[in-house]
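A structural walkthrough
So you can see what is in the structure, the chains are spelled out below.
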Amino acid sequence: MSPIELQQVRSTPLFAGLTDAQLGCLEPGEVIEVPAGAVLGAEGERTGFFHVLLEGEVRITRTYDRQSILMAVTKPGNYLGETMLLLDNRIRIPPRRNPFQSPTSHPP
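One structure accompanies this document, and this report is about it. (Residues numbered from 1 in each chain as written. Predicted model: local features only at pLDDT ≥ 70, side-chain atom pairs only at ≥ 80, totals over all residues. Heavy atoms only, no water.)

Of all the positions in helix α1 (residues 3–10), only Leu-6, Val-9 and Arg-10 are classed as buried. What you see down the axis of α1 is that its buried residues fit within an arc of 100°, all on one side. (Buried < 20%, exposed > 50% of the residue type's maximum accessible area, 1.4 Å probe, protein only. Helix = DSSP H or I, 4+ residues; strand = E, 2+ residues; numbered from the N terminus. Arc of directions from axis to C-beta.)

This brings us to the pairing of strand β4 (residues 58–64). Summarising the sheet, β4 and strand β5 (residues 67–74) pair through 7 bridges and their orientation is antiparallel. Directly across from Thr-61, in β5, lies its bridge partner Leu-70. The antiparallel pairing of β4 with β5 creates a hairpin that spans 2 residues between the two strands, and Asp-65 there sits at a positive phi of about 50°. (Pairing = 2+ DSSP bridges.)

Counting across every chain of the model gives 1 aromatic pair. With 5.5 Å between their ring centres and 35° between their planes, Phe-50 and Tyr-79 make a pair best called tilted. Taken together, the residues Phe-50 in the loop between β2 (38–41) and β3 (51–53) and Tyr-79 in strand β6 (residues 79–80) connect sequence positions 29 residues apart. Take Tyr-79: its relative accessible area is 37%, and that puts it in the partly exposed class. (Phe/Tyr/Trp six-rings, centres within 6.5 Å; stacked < 30°, edge-to-face > 60°.)

There is a patch of nonpolar side chains on the surface, built from Tyr-64, Ile-69 and Met-71 and spanning about 270 Å² of accessible area. Its place among the elements puts Met-71 in strand β5. For Met-71, a relative accessible area of 44% puts it in the partly exposed group. (Patch = residues over 30% accessible without salt bridge, like charges linked within 9 Å, V, L, I, M, F, W, Y side chains within 5 Å. Areas by Shrake-Rupley, 256 points an atom, 1.4 Å probe, with all protein chains shown as cover. Salt bridge = Lys/Arg side-chain N within 4 Å of Asp/Glu carboxyl O.)

None of this, on its own, says anything about what the molecule does.
In structure tokens:
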């Protein structure tokens, strides 16, 4: 990540209290632009990524009886993907879709 991207990540509540040395541990991560409508992870897929949303929103849906149900909306400064990392990919996750063009970060 560039110094500008690191500062953008630092502006999120999750990373706001990090020292410069601690923030440096995130350098191997990357900021990605996600096109509107892109799927960050399909239902049941094991991505292995932890995402921090920098702009826009991500909608989490689940399919029940062939109907897509909105489960949650993630806003800037929030994160997703932590449950799979903490539980060693042992759970099935609902799809996450980015309805708008927006950057997101997945630290290493």
